[in-house]
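# Architecture and fold: a report
Here is how the chains run, residue by residue.
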Amino acid sequence: MLYPLLALMAAAEPREVRVGVFDNAPQLLLDQNGQVSGIFGDILFNVAARENWRLQAVQCVWAECLGLLRSGQIDLLPDVPFNETRAQFLDFQQQPSLYSWSQFYSDPQLQLDSVLDLKNTRIAVLAGSLQYDYLAGLVAGFSLQAQLLAVPTLDQAFQLVSEGAAEVAVANQHFGDYHAPDYGLRENPIVIQPTRLYFSTGKGRNGELLQTLDHYLLSWRASSNSPYQQILQRWAGEQPRPFIPSSLWWSLALLALLLLASAGGALLLRRQVSEKTHRLQASETRLNTILDSVEAYIYIKDPQLRYQYANRKLCERFGRPLEQVIGCTDEAFFDARTANQLRADDHRVLHHGERVESEDTNLSLDGGAEHTYLSVKLPLRRPDGDIYALCGIATDISEHKRNLEQIHRLAFYDQLTGLANRRLLLDRLQHALDRAERNQAEGALLFIDLDNFKDLNDSLGHDRGDQLLQQVAQRLSQQARKEDTLARLGGDEFVLVLEELPAQTPLAIEQIEAVAGKLLEALAEPYSLQGETYTSSVSIGVSLFFESASSTDEVLKRADMAMYEAKAAGRNGLRFFNPAMQAQVNARAALDRDLRLGMQLHQFILYYQPQVNHLGKLIGAEALVRWQHPERGLVQPGQFIALAESTGLILPLGRCILLYACRQLVRWAQSAESSGLHLAVNVSARQFHHPDFVAEVLAVLDETGANPQRLELELTESLLIEDVEAMIEKMSELRSHGVHFSLDDFGTGYSSLSQLKRLPLDQLKIDRCFVRDLLSDRHDAAIVRTIVALGDSLELSVIAEGVETPEQRDALLSLGCRAFQGYHFGAPGPAEQLHRTALPATGR
Ligand code: C2E
Ligand code: CA
Ligand code: CA
């Protein structure tokens, strides 16, 4: 037995023991009397008293202490963390004297579960401490964006947190657990820097000191009232925690990963240099125990991407024992796509030294369910910096993701219809308002409310009520553009947010009216509810962004109020919040009613404006519509054509105009004097695009017996924006019957030469804006010359409109233009007036 022998020796000569003391309270420190103190100091003191050692404290700083120990100038150094480099020139106890780690202390309200939760925090930490360097590495390594506040004492660190100047303080657990309650702080379950602390001696020297210490510690640890426990209690102020609590394993695992990385992958080395010392095995077993009990996949791969280590969880995932995992690459476990992706990431780590964080969705070879992993991969480096392996940790977050998605759906979408709910609407609306302000584009909110929904719900039951709401949502979705926000506010209230409307209010209103018109129409179609047909309607209130001072509340409130107005006005309708806008809308509605009545009462007539050739001889006319209004007199087309286009009334009106024009041609055909005249008729885009257009023109020609050769249809360049192929097809068909085509207002649109070449045209009509300033603006002269040249090369005739003076006519003539129309030759008027038009001299 060793003990009696030691005791015997102790009775004789006191043993001189030179002890290195560096300042590391509470583990180790020098007290006021220059004696070794602290946890290690007291342990040593107790042993020394029993063993008759005379302790001689040698004060040194840490690095210096190590040097002194190595060179034999001191016999014993307490409080030394084990590491392999040190083990080459120092001896350690068999058992650590103390386990130590650092912990994070914060206000009890703040819950930190992992180092990742330190993001954006201010961390008070002892200046110049190991913890400081370690944390700096941690913050950079995990991109934590945390701020480290260096303080001179741990007390000050706690003080900062209690004052709110920092969120977290980092302290050695022995100190922290003792002092944190004084500051109203408590520890969080994150552990960093767990270390096993030993007494150590120079290699091969003073082994008996270590043995003796081991002996005492072994028996003291086992007893609850031993000097060891008393010492811990004295310094730490609570039941000692010599072992790391199991609740801290997770953070330890992360830490283990970092240790693996930073200490140069001790684990891998240990595998490779198998069967090393007993101590190494023990620590590997311990580390393995930790890594195997963690709910994460941890592995190490060599530069050929072969697994060198896999923890238990990963082996289970692969369904193979560790021996069959080691040496394999990912191709053995994953489908080709996943393996490729993994390999690409691995290469970044191994070849570029990157730390790769990724969220991967993997499919295993057995075709099991897809899993999503959050994975971090780090390079492992030799002391010289070379990368010799990579180490990775992955956590299965599939369940977590599914939960997140589900929560997101529940939180932001309406369960019945799948549309956005009020919360999402408010968020999107705010963004829409911001965008509108930035881009100076108008936006609008349409508040859509079902008429009499309550009645249906009460009489037919909630099932059918729900069905109706679902069908309404469906129809709304079909009408809305992808970029518009559609939401259900609750009950029978829906909202549609329109963005990117023209900044000019009248134009914006027109677009809104068009959209709202379509909605009203679509929602008024009959619904089928469990086999029964049911009709419903909605009332729509509209508010515009700009008038609502860009506040979400205001926009919603105004639209809501407008919606009630719409209901009061008899439902199934649309109301704008703004009275002026509403007046504009009313006026348009009144005009539309008037126009329809005018059609029935045949109030539309045609005026004819002469077209002449270069000799001033009448060659034809353009038909221009006029509205003979009983109260307003003769109304010009500028007042009603646009509205007729937007409401679709242009279709019957256009047909009627064509009919009158053809009848006029038939009349002209009856006398030799006028039988050669052609008649130009304006065709609007909406008219031309109508599928029945060609058939209708042919029908009118047929019905009236007019000569198609004398009919000239004026199209505008705006038509070219839409389907050119369809346009060419229609024109060609009519042209095969002899009908001619003129491109109206030429030069103001965007037709490209290549398009122009393909159109079966006969004439270009120079827009009157070029004629107006022809004499003063040389650019206009150049444009006219170009159009004439273009006409020549495409074999199209060219006519100028808006010719008001002989000077303009002369200038056009000199630029090569051969046909004219304008007040100079005659204003639009009734047919009889046309023949009275004097033929002015050409001036040349
Ligand atoms: P537009 O096709 O460019 O018609 C020419 C317009 O210029 C006519 O106005 C005509 O009165 C006017 N004008 C004729 N000579 C002169 C002149 O020397 N100086 C000036 N400053 N103006 C002149 P109007 O009749 O008011 O027609 C306006 C527009 O309404 C037409 O422009 C055309 O786009 C449309 N429009 C007229 N009639 C019809 C029609 O029957 N169907 C369709 N779809 N649109 C029509
Ligand atoms: Ca025209
Ligand atoms: Ca024109």
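As annotated in an unreviewed UniProt entry, the protein chain is EAL domain-containing protein from Pseudomonas zhanjiangensis.

What follows concerns the coordination of the calcium ion (ligand 3). Around the calcium ion (ligand 3), the donor atoms from the protein are Asp744 (OD), Asp745 (OD), Glu801 (OE) and Glu801 (OE), and they sit 2.2 to 2.7 Å away. Sequence spacing among the residues donating to the calcium ion (ligand 3) works out to D-D-x55-E. Here the calcium ion (ligand 3) and the calcium ion (ligand 2) are spaced 3.8 Å apart, linked through Asp744, which binds each one. A residue pair is termed long-range when its members are at least 10 positions apart, and Asp744 in strand 29 (residues 740–746) and Glu801 in the loop between strand 31 (797–800) and helix 31 (806–814) qualify at 57 residues. For Asp744, a relative accessible area of 6% corresponds to the buried category.

Another point: the sheet that holds strand 17 (residues 442–450). What the 5 strands build is an open sheet, ordered 18-19-17-22-23; its pairing is mixed. Edge strands, defined here as strands with exactly one partner in the open sheet, are strand 18 (485–490) and strand 23 (574–576). For this sheet, the mean inter-axis angle between neighbouring strands, taken without regard to orientation, is 20 degrees. As paired strands, strand 17 and strand 19 (residues 493–501) are joined by 7 bridges and run antiparallel to one another.

Moving on to the confidence of the model for the protein chain. Summary statistics for the protein chain give a mean pLDDT of 85 and a share of 90% for residues scoring 70 or more. The low-confidence segment residues 237–250 (pLDDT under 50) makes 33 contacts with residues lying over four places distant or belonging to another chain. With pLDDT under 50 throughout, residues 262–267 is counted as low confidence; its partners more than four residues away or in other chains account for 16 contacts.

On to helix 2 (residues 38–51), then. Over its 14 residues, helix 2 extends 19 Å from the first C-alpha to the last, a length consistent with the 20 Å expected when each residue adds 1.5 Å. Counted residue by residue, helix 2 has 10 buried out of 14 residues, so it is predominantly covered. Buried within helix 2 we find Gly38, Ile39, Phe40, Gly41, Asp42, Ile43, Leu44, Val47, Ala48 and Glu51. Positive phi appears at Asn52, one or two residues downstream of helix 2, with a value of about 60 degrees.

What follows concerns the pattern of salt bridges. Within this structure, the stated rule accounts for 35 salt bridges. A salt bridge links Arg655 to Glu696; the shortest N-O distance between them is 3.0 Å. Taken as a pair, Arg655 in helix 24 (residues 650–669) and Glu696 in helix 26 (residues 693–704) lie far apart in primary sequence, 41 residues in all. Where Arg758 meets Glu725, a salt bridge forms, and the shortest distance between an N and an O atom there is 2.8 Å. Here Arg758, found in helix 28 (residues 753–758), pairs with Glu725, found in helix 27 (residues 724–736); they are 33 residues apart in sequence, far enough to count as distant. In this structure Arg758 comes out as partly exposed when scored by relative accessible area, which is 45%. Put simply, Lys301, Asp330, Asp346 and Lys377 are held in one network by salt bridges that share partners.

A few words now on the packing of aromatic side chains. For any two aromatic rings, the description comes down to two numbers: the centre-to-centre distance and the angle of the planes. For the structure on display, the rule yields 17 aromatic pairs. On the numbers, 5.6 Å between centres and 70 degrees between planes, the contact of Phe158 with Tyr183 is edge-to-face. One end of the pair, Phe158, is in helix 6 (residues 154–163); the other, Tyr183, is in the loop between helix 7 (173–179) and strand 11 (186–202), and 25 residues separate them in sequence. A relative accessible area of 0% places Phe158 in the buried class. Ring geometry for Phe688 against Phe693: centres 5.3 Å apart, planes inclined by 50 degrees, an arrangement best described as tilted. Taking the relative accessible area as the measure of exposure, Phe688 reaches 1% and is therefore buried. Chaining the aromatic ring pairs together yields one cluster made of Tyr299, Tyr307, Phe318, Phe333 and Phe334. Between the NZ or CZ atom of Arg423 and the centre of the ring of Phe412, over which it lies, the distance is 5.7 Å. Sitting above the plane of the Tyr527 ring, Arg475 keeps its charged end 3.7 Å from the centroid.

Mapped onto the present numbering, the UniProt feature "domain: PAS" (unreviewed entry) falls at residues 283–327. Helix makes up 47% of residues 283–327 and strand 20%, and the two end C-alpha atoms of the span are 24 Å apart.

Moving on to the packing of helix 20 (residues 505–524) against helix 22 (residues 579–600). What describes two packed helices is the angle between their axes and the distance between those same axes. Running from N to C, helix 20 and helix 22 cross one another at 60 degrees; their axes reach a closest spacing of 11 Å. The angle between the axes of helix 20 and helix 22 places the two elements in the oblique class. Crossing of helix 20 against helix 22: the hand is right-handed. Contacts between helix 20 and helix 22 pair Thr505, Pro506, Ile509, Glu510 and Glu513 from the former with Met581, Gln584, Val585 and Arg588 from the latter.

Scanning the model with the defined rule gives 1 disulfide in all. Residue Cys60 pairs covalently with Cys65 via a disulfide, S to S 1.9 Å. The sign of the 100 degrees torsion about the S-S bond sets the Cys60-Cys65 disulfide as right-handed. Residue class for Cys65 comes out buried when judged on its relative accessible area of 0%.

This part takes up the site of ligand 1. Not every one of the 21 residues close to ligand 1 is listed here, only the nearest: Gln609, Arg626, Arg768, Glu804 and Tyr823. Side-chain polar atom of Gln609 to a nitrogen atom of ligand 1: 2.7 Å apart, as the coordinates give it. For ligand 1, whose unbound accessible area comes to 790 Å², protein coverage reaches 83%. Tallying contributions element by element places strand 25 (residues 618–629) first for the shell around ligand 1, with 4 residues. The class makeup of the residues in the shell around ligand 1 is 8 nonpolar, 6 polar and 7 charged.

Basis of the calculations
- Residues numbered from 1 in each chain as written.
- Chains lettered and ligands numbered in written order.
- Predicted model: local features only at pLDDT ≥ 70, side-chain atom pairs only at ≥ 80, totals over all residues.
- Heavy atoms only, no water.
- Donors = N, O, S within 2.8 Å, 3.2 Å for Na, K, Ca; no water.
- Helix = DSSP H or I, 4+ residues; strand = E, 2+ residues; numbered from the N terminus.
- Buried < 20%, exposed > 50% of the residue type's maximum accessible area, 1.4 Å probe, protein only.
- Pairing = 2+ DSSP bridges.
- Axes fitted to C-alpha atoms, helices over the stretch in contact; angles between N-to-C directions.
- pLDDT = per-residue confidence, 0-100.
- Contact = heavy atoms within 4.5 Å.
- Expected span 1.5 Å × (residues − 1).
- Salt bridge = Lys/Arg side-chain N within 4 Å of Asp/Glu carboxyl O.
- Phe/Tyr/Trp six-rings, centres within 6.5 Å; stacked < 30°, edge-to-face > 60°.
- Lys NZ or Arg CZ within 6 Å of the ring centre and 35° of its normal.
- UniProt positions renumbered as here; feature names shortened; annotations may be inferred.
- Parallel < 35°, antiparallel > 145°, perpendicular 65-115°, else oblique.
- Left-handed = near helix turned anticlockwise from the far one by under 90°.
- Disulfide = S-S within 2.5 Å.
- Near = heavy atom within 4 Å.
- Polar contact = N/O pair within 3.5 Å; in protein donor to acceptor, adjacent residues only side chain to side chain.
- Areas by Shrake-Rupley, 256 points an atom, 1.4 Å probe, with all protein chains shown as cover.
- Nonpolar A, V, L, I, M, F, W, Y, C, P; charged D, E, K, R; others polar.

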